[in-house]
Amino acid sequence: MVHAPNRPPAGAPPVRINLYSDTQTRPTPAMKEAMMRAEVGDEQHGDDPTVHELCDRMAALMGKEAAVYLPSGTMCNVIAILTHCTKGDEVVAHESSHILHSEGGTHAALTGVQILGLKTPRGMFTADDVRGVIRPKTRYAPPQRLLEVEQTANIGGGAIWPLAQLNEVADVAHEQGWSTHMDGARLMNACVGAGIAPKDMVAGYDSVWLDFTKGLGAPLGAVLCGSEEFIGRAWRWKQRLGGSMRQAGICAAACLYALDHNIDRLAEDHANAKALARGLRQIPGVEVEEPDTNLVFFDIKGTGMDVAKLQEKLQMRGIAVSGLGGRVRACTHLDVTAPMIEEAVGEIRTALAAA
Ligand SMILES: *Cc1c(COP(=O)(O)O)cnc(C)c1O
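Because the structure is predicted, anything quoted here is derived from the model rather than measured.

Examining the overall build of the protein chain
Within the protein chain, the regular secondary structure consists of 14 helices and 13 strands. Its C-alpha radius of gyration of 21 Å places the protein chain within 12% of the 20 Å reference for a compact globule of 355 residues. C-alpha extents for the protein chain along the principal axes are approximately 55 × 55 × 45 Å. Residues counted as buried form 53% of the 355 residues belonging to the protein chain. Considering only contacts in the protein chain between residues 6 or more positions apart, those separated by 24 or more positions represent 74%.

As structure tokens, then:
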């Protein structure tokens, strides 16, 4: 059977406190209002003014020449890799990266690249780590073409790459003649957390994308940015993959709304994540990684309960968390308030006390 994530067990109450993912936010009435008012056209034909406005704003925000609106972050990664690479090329990335773990094997099935995963702490690596995997340019070795980073590093604990380190690894890649790509699913969390402007954060990267369905609270869409030439070639892949849309402005309007209203407030999610980590740390047997942003990973091995059991117990109390790599992940976002955090800590404490 195909895994259906977060299907509540029979008899579970509706989810009251959703720490499962920042993808599960619901559009607010004000965001829906902006969608209702959107001017639309045929996006595939280049006639949707709201999509153009979103792409122009995103290109400016990222300091890139051009941008393209896509249905999902996964499609941004797939199209970026198809545009940067050809079959048989190698992509250097982190071992825990989304492209390796969470894209359904698309890089074997569709892009034809192989991915070399670096095994380093917290989803981040250094210039020396990259130098350590440079292959000789012979006909035996796979041609290395692309360096990929995640900002923030999701399975790395929502960690923020320091800007200097991002630039150093990008420099090594460029010295080798590789391109650089940033998976910026939660880029704005990194920018708000570090107090660094997006265009400075991504300056070392030839392509970068931002997800509007994570902390930014839009119902769908992601924007991939790069040079005019790169985005022109990416459009061909968008068309080939069936990612060209019609009156997509109705969704782009939600993204524009998110750019105006939902970025600065990410600081609240980070404060809530820190409060959650502090609360969880008081529970015997729980080990908590200090969060940089909105993802709180904790280990409950010391309590004797396994992750699936905790998830089930919490679900029966209307609380959703996820399990990732043997740890529990709790994610804060715009539908999670400070009182909910306090309540969740209490419920987790009670659930674990039964172990
Ligand atoms: C969510 C996520 C993606 C994929 O984005 P979708 O919009 O879910 O397709 C890619 N990379 C990272 C790091 C993510 O967290």
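A closer look at the site of the ligand
Around the ligand, the surrounding shell holds 13 residues, and the nearest of these are Gly73, Thr74, Asp183, Asp211 and Lys214. In this structure, Gly73 approaches the ligand through a main-chain N or O atom, which is 2.9 Å from an oxygen atom. About the coverage of the ligand: the protein hides 86% of its 380 Å² of free accessible area. At the level of secondary structure, the elements contributing two or more residues to the shell around the ligand comprise helix 3 (73–84) and strand 7 (207–211). With three residues, helix 3 is the largest single contributor of residues to the shell around the ligand.

Section: the sheet that holds strand 2 (residues 66–70)
Hydrogen bonds between backbone atoms are what pair the strands of a sheet, whose relative direction is either parallel or antiparallel. On the basis of which strands lie adjacent, the open sheet formed by seven strands has the order 2-8-7-6-5-3-4 and mixed pairing. Because the sheet does not close on itself, it has two edges, and the strands there are strand 2 and strand 4 (114–118). Taking each pair of neighbouring strands and ignoring which way they run, the sheet shows an average axis angle of 20°. Note that strand 2 and strand 8 (residues 222–226) share five bridges and pair antiparallel. Considered in strand 8, the bridge of Leu70 is made with Ala222. Relative to strand 2, helix 2 (residues 49–62) is tilted by about 130°, and along the sheet it contacts strand 2, strand 7 and strand 8.

Observations concerning helix 8 (residues 187–194)
Where helix 8 is concerned, the buried positions are Leu187, Met188, Asn189, Ala190 and Cys191. Buried positions along helix 8 lie against helix 2, strand 6 (179–184), helix 9 (198–201), strand 7 and helix 12 (266–281). Two residues or fewer after helix 8 comes Gly195, characterised by a positive phi angle close to 65°.

Description of the side chain of His94
When you line up the elements, His94 lands in strand 3 (residues 90–94). Within the local environment of His94, its side chain forms a polar contact with the backbone oxygen of Thr120, the two atoms lying 2.7 Å apart. If we skip the residues at most four places from it in the chain, His94 touches Leu100, Gly117, Leu118, Lys119, Thr120, Gly123, Met124, Phe125 and Glu148.

As for the environment of Pro14
Positionally, Pro14 belongs in the segment before strand 1 (17–18). The exposure class assigned to Pro14 is exposed, which follows from its relative accessible area of 69%. Considered as a pair, Pro14 and Arg135 are 121 residues apart in the sequence and their alpha carbons are 52 Å apart.

Side note on the UniProt feature "domain: Aromatic amino acid beta-eliminating lyase/threonine aldolase" (unreviewed entry) in the protein chain
UniProt marks residues 19–301 with the feature "domain: Aromatic amino acid beta-eliminating lyase/threonine aldolase" (unreviewed entry), using the numbering shown here. As annotated, residues 19–301 has a helix share of 41% and a strand share of 16%, and its two end C-alpha atoms lie 20 Å apart.

Remarks on helix 7 (residues 163–175)
Between its terminal C-alpha atoms helix 7 stretches 18 Å, which fits the 18 Å expected from 13 residues at 1.5 Å a residue. All of the buried residues in helix 7 are Gln165, Leu166, Val169, Ala170, Val172 and Ala173. The buried residues of helix 7 occupy one face: seen down the axis, they fall within an arc of 155°. Packing partners of the buried residues in helix 7 comprise helix 6 (127–131), strand 5 (144–150), strand 6 and helix 9. Within two residues after helix 7, Gly177 carries a phi angle of roughly 85°, on the positive side.

Calculation criteria
Residues numbered from 1 in each chain as written. Predicted model: local features only at pLDDT ≥ 70, side-chain atom pairs only at ≥ 80, totals over all residues. Heavy atoms only, no water. Helix = DSSP H or I, 4+ residues; strand = E, 2+ residues; numbered from the N terminus. Rg over C-alpha atoms; globule rule 2.2 N^0.38 Å. Buried < 20%, exposed > 50% of the residue type's maximum accessible area, 1.4 Å probe, protein only. Contact = heavy atoms within 4.5 Å. Near = heavy atom within 4 Å. Polar contact = N/O pair within 3.5 Å; in protein donor to acceptor, adjacent residues only side chain to side chain. Areas by Shrake-Rupley, 256 points an atom, 1.4 Å probe, with all protein chains shown as cover. Pairing = 2+ DSSP bridges. Axes fitted to C-alpha atoms, helices over the stretch in contact; angles between N-to-C directions. UniProt positions renumbered as here; feature names shortened; annotations may be inferred. Expected span 1.5 Å × (residues − 1). Arc of directions from axis to C-beta.

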